[in-house]
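Descriptive analysis of the structure
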Number of protein chains: 2
Amino acid sequence: MTEPTPAPDEPTNKRRFSRRALFGATGAGVVVAAAGGVTAARLADDDSSTSNVVAFRGTRQAGIVTEAQDRLHFASFDVITDSRDDLIDMLQRWTAAAERMTRGDETVDGGAVDHGEYNPPADTGEALGLDASSLTLTVGFGPGLFGPSASDPDRPDRFGLASRKPDALKDLPAFAKDAIEPSRSYGDICVQACANDPQVAVHAIRNLARMGFGVVSVRWSQLGFGRTSTTTVSQQTPRNMFGFKDGTANIRAEQTDVVNRWVWVDPADNAAPAQWMTGGSYLVARRIRMDIEPWDRANLSEQEAIVGRTKGAGAPLGMTREDDTPDFAVATADGPMIARDAHVRLAHPDNLNGIQILRRGYNFTDGSDGFGHLDAGLFFIAYCRDPDSQFVPMQKQLASKDAMMEYLTHNGSALFACPPGLQPGEWWGQHLFT
Amino acid sequence: MTEPTPAPDEPTNKRRFSRRALFGATGAGVVVAAAGGVTAARLADDDSSTSNVVAFRGTRQAGIVTEAQDRLHFASFDVITDSRDDLIDMLQRWTAAAERMTRGDETVDGGAVDHGEYNPPADTGEALGLDASSLTLTVGFGPGLFGPSASDPDRPDRFGLASRKPDALKDLPAFAKDAIEPSRSYGDICVQACANDPQVAVHAIRNLARMGFGVVSVRWSQLGFGRTSTTTVSQQTPRNMFGFKDGTANIRAEQTDVVNRWVWVDPADNAAPAQWMTGGSYLVARRIRMDIEPWDRANLSEQEAIVGRTKGAGAPLGMTREDDTPDFAVATADGPMIARDAHVRLAHPDNLNGIQILRRGYNFTDGSDGFGHLDAGLFFIAYCRDPDSQFVPMQKQLASKDAMMEYLTHNGSALFACPPGLQPGEWWGQHLFT
Ligand code: HEM
Ligand code: HEM
């Protein structure tokens, strides 16, 4: 283990254990991608796992159209204080720490071990020695922050935000077959941490939770071990726990017009008090348990009929390649080639008045369910400009007609308003609170 | 997406979607490491993440002294049949599938999509396109398989194995401050899946669980997102959720004498009927919740005093480098430099009559605990030749004296007997059942 030589511009003691220092002169070598941009930064001639930094500030929040990282730690927080000042103070401290962590640094300079021997370390330290791993931290605000909501009708407007609430920000309606558990649902603030190293994502959430002591508490959190989405044209499509390619027909970052139409909130979408959301996006989270044992007993042809695509190539039924366009009109002797209750038929824009959403989900496995089965599924995340006219009608159609629903249980649900990106000096929620 | 050209020696239809085929001619390029050997195989001039295969058969089971992979999925199964034949049949099918999966293949050739359209696919498919990722599958048998045990005294000897039970295979005793939950503890058979891609580890456990339908059911399972151990001299020491380097003073695969003395069961250890364990090892699993919030409020010097090492470098207190040897005799005005109740003092062989164990644990985060905190900790795995004279006295000493116990809750516990490795043609448990 060789100690890196300190850079001349930083005092030795501060630099010694910084996450960056452990990798030497990365400060010079790191390529920074535009926030909301297309690909995570990579050092062209280096191991791509050692220096990836996604820019924290920019027009958009990172972590939405950013090339989907492999791992997720998602946390939903309840605000437990009534003090607006304390909440703002925490959001300011969070912003500074988040910016540092996405760079691959500790929450504060030298936080883990150079913060004073007789102080609690300012950084918990478990990411020391790990690089940025394309970490993105995306913040969102839930309906409950603004006063009463469907899931908590008696909640007071503690922070005087009721007038700033966008119409779109309200608890999702109940859908057919919903089995929503409040302990896995809702929340006042969310942070989505995505990274290519799970320890980096877990470290980020844990340190934010810690910095929020007395202001927020963790309502629920979810680890995702593998992405089920592709958000850029160059990404390979991963597979979900049903064994199918997932993310094929997703919106791609490069489709600027589509993204502007379906992902980013437009100035015309809100009255003046809710203009803080212009350029942001609504995050829908659904914890969907997948009943993998019965699924595994279904024939290949049944599985493919349910999805509407082939399992191997991921091609629309009747086609051969993943990127072939589905043709819903093709008929066989037994009815349409892509069945009337097939998932991709019901979810396709042609059958939803053109509606699209940006999917950004993750596979999960949370131990066993106490009945001898793995508790596995999809932590579904979608971003959209207006949940009411995008996610809601889509999920309504799927919940009532999709053949796949026989194998799914939606047991967690949440909606958050994710503001646009931060300009230099700005903090998370600034335009909401000021 | 280019389809690889089929190799001339394999029929096109079988090869088309095999996990291997998706990566082209890996069959030729893969370097196979000796089971129980030191490093996972790597293609020298390739991305190390695309072709790692650890040999499945050999003198030892892989996954014990094998270079610790980054991710874990551990499953404990209850045997739910009384049929010895069905159990043996499953173990034989498991062995064949495990051997294939560790090579990066599906559970059966073409299992996910070429197994017949009107059959349930023989492989669940979510690892299609992923490589072997150094997957190891390590099997172990719990006390309950052999009849009555401390945790289940009324259990009949369903499989006529009572006489084959090694003396060492019995439920661990209760330790001070234990808070063991049966739903996270015990089990008849375990499979430890370690890999550098979590989806590969999850896929393996899920497919074994599935193949065991009617014979076993999942009692509990645990995902570990980051290793906390080093098992070879070349591995960097990772960090645990207290932010400390973990694995520094671990046994290393290269220390042949130490490994033979403390890890592998010796012929002299057992009477004839239990000789099936010769060359094997006992796996101790402890799910240890770490109370990270109070820990995070402790001063750096308190944290370091509790561990007995520095947080930054991981050096023994009073020293500067991670690999310096601790000197427990050094005194300060306030008492010993490494406190009497420091974790590493109490766990060190000098203070335990020379006892050593091989640690192979993983960090976990399982959502939140319902009280606003992350449910995070260490899934402690240790291998030893004789738990009674190694793990038990060590944990007894730690449970009653270790200052760290203030921040720990052991809520899961299990012990499994892991037989030696398999010779060609052998199956998991063969020398136990025959
Ligand atoms: C566990 C639950 C789900 C599973 C396993 C699943 C699986 C899939 C699969 C395999 C595809 C085809 C490949 C692709 O285009 O990505 C797909 C497409 C799609 N899914 Fe899902 N999905 C689930 C839930 C949902 C939900 C809740 C929604 C939205 C309410 C949704 C919306 C879509 C959309 C919009 C498409 C693309 C349809 C198209 O334009 O072709 N899915 N899904
Ligand atoms: C969450 C619980 C635990 C944590 C956070 C923890 C942490 C640590 C740390 C930071 C070290 C020093 C670095 C190293 O040598 O690896 C260490 C060493 C060690 N730990 Fe633990 N440990 C835990 C539980 C246990 C348990 C249950 C045992 C065995 C009963 C154990 C046995 C050891 C041993 C044998 C050493 C090496 C001591 C030496 O020879 O210097 N630990 N542990």
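The following refers to the structure shown. (Residues numbered from 1 in each chain as written. Chains lettered and ligands numbered in written order. Predicted model: local features only at pLDDT ≥ 70, side-chain atom pairs only at ≥ 80, totals over all residues. Heavy atoms only, no water.)

A few points about helix H7 (residues 300-307) of chain A
One turn of an α-helix holds 3.6 residues; hence residues three or four places apart share an orientation. Residue and element names in this part refer to chain A. With six of eight residues buried, H7 lies mostly within the body of the structure. For H7, the complete set of buried residues consists of Leu300, Ser301, Gln303, Glu304, Ile306 and Val307. Among the residues trailing H7, Gly308 stands out with phi positive, at a value near 95 degrees. (Buried < 20%, exposed > 50% of the residue type's maximum accessible area, 1.4 Å probe, protein only. Helix = DSSP H or I, 4+ residues; strand = E, 2+ residues; numbered from the N terminus.)

Here's the deal with the coordination of the iron atom of ligand 2
Coordination of the iron atom of ligand 2 by the protein comes from a single atom, His343(B) (NE2), at 2.0 Å. Looking at the element boundaries, His343(B) is found in helix H8 (residues 343-347). (Donors = N, O, S within 2.8 Å, 3.2 Å for Na, K, Ca; no water.)

Let's talk about the packing of helix H3 (residues 84-102) of chain A against helix H4 (residues 198-211) of chain A
Residues and elements named next belong to chain A. At a minimum axis separation of 10 Å, H3 and H4 run at an interaxial angle of 155 degrees. Taken as axis vectors, H3 and H4 run roughly antiparallel relative to one another. In this structure, H3 meets H4 at a crossing whose hand is right-handed. Side by side, H3 and H4 meet where Met90, Arg93, Trp94, Ala97 and Met101 of the first sit next to His203, Ala204, Asn207, Leu208 and Met211 of the second. (Axes fitted to C-alpha atoms, helices over the stretch in contact; angles between N-to-C directions. Parallel < 35°, antiparallel > 145°, perpendicular 65-115°, else oblique. Left-handed = near helix turned anticlockwise from the far one by under 90°. Contact = heavy atoms within 4.5 Å.)

Quick look at the packing of aromatic side chains
Applying the stated criterion to the full structure yields 29 aromatic pairs over all chains. Seen in terms of ring centroids, Trp94(A) and Trp428(A) are 6.3 Å apart; in terms of plane orientation they differ by 90 degrees. Their pairing is edge-to-face. With Trp94(A) in helix H3 and Trp428(A) in the loop between strand E14 (408-418) and helix H10 (430-433), this pair connects stretches of sequence that are 334 residues apart. Like Trp428(A), Trp94(A) is buried. Between Phe244(B) and Trp295(B), the aromatic rings sit 6.1 Å apart at their centres with planes inclined by 75 degrees, giving edge-to-face as the arrangement. With Phe244(B) in the loop between strand E7 (226-227) and helix H5 (256-262) and Trp295(B) in helix H6 (residues 292-296), this residue pair connects regions lying 51 residues apart in the sequence. Comparing Phe244(B) with Trp295(B) shows no difference in burial state: the two are buried. Among the aromatic side chains, those forming a connected cluster through ring pairs are Phe56(A), Phe77(A), Trp94(A) and Trp428(A). Here the basic side chain of Arg261(A) rests over the ring of Trp262(A), its NZ or CZ set 3.9 Å away from the ring centre. (Phe/Tyr/Trp six-rings, centres within 6.5 Å; stacked < 30°, edge-to-face > 60°. Lys NZ or Arg CZ within 6 Å of the ring centre and 35° of its normal.)

Notes on the pattern of salt bridges
All names here are of chain A. Taken as a whole, this structure holds 51 salt bridges over all chains when the rule is applied. For the salt bridge of Arg100 with Asp109, the shortest nitrogen-to-oxygen distance reads 3.7 Å. On the basis of relative accessibility, which here comes to 16%, the residue Arg100 falls in the buried class. Taking the relative accessible area as the measure of exposure, Asp109 reaches 35% and is therefore partly exposed. (Salt bridge = Lys/Arg side-chain N within 4 Å of Asp/Glu carboxyl O.)

A look at the interface of chain B and chain A
Across the contact, 59 residues belong to chain B and 59 residues belong to chain A. Summed over both partners, the interface of chain B with chain A buries about 4,800 Å², with 60% contributed by carbon and sulfur atoms. At the junction of chain B and chain A, the tally comes to four salt bridges. We note a salt bridge from Arg206(A) to Asp296(B), for which the minimum N-O separation is 3.1 Å. Counting across the interface, chain B meets chain A through 25 residue pairs in polar contact (both at pLDDT 80 or more). Every element with two or more residues in the side of chain B that touches chain A is listed here: strand E3 (71-79), helix H4 (198-211), strand E6 (216-224), H6, helix H7 (300-307) and strand E12 (362-368) of chain B. A per-class count over the side of chain B that touches chain A returns 23 nonpolar, 22 polar and 14 charged. (Buried area = accessible area lost by both parts, 1.4 Å probe. Polar contact = N/O pair within 3.5 Å; in protein donor to acceptor, adjacent residues only side chain to side chain. Nonpolar A, V, L, I, M, F, W, Y, C, P; charged D, E, K, R; others polar.)

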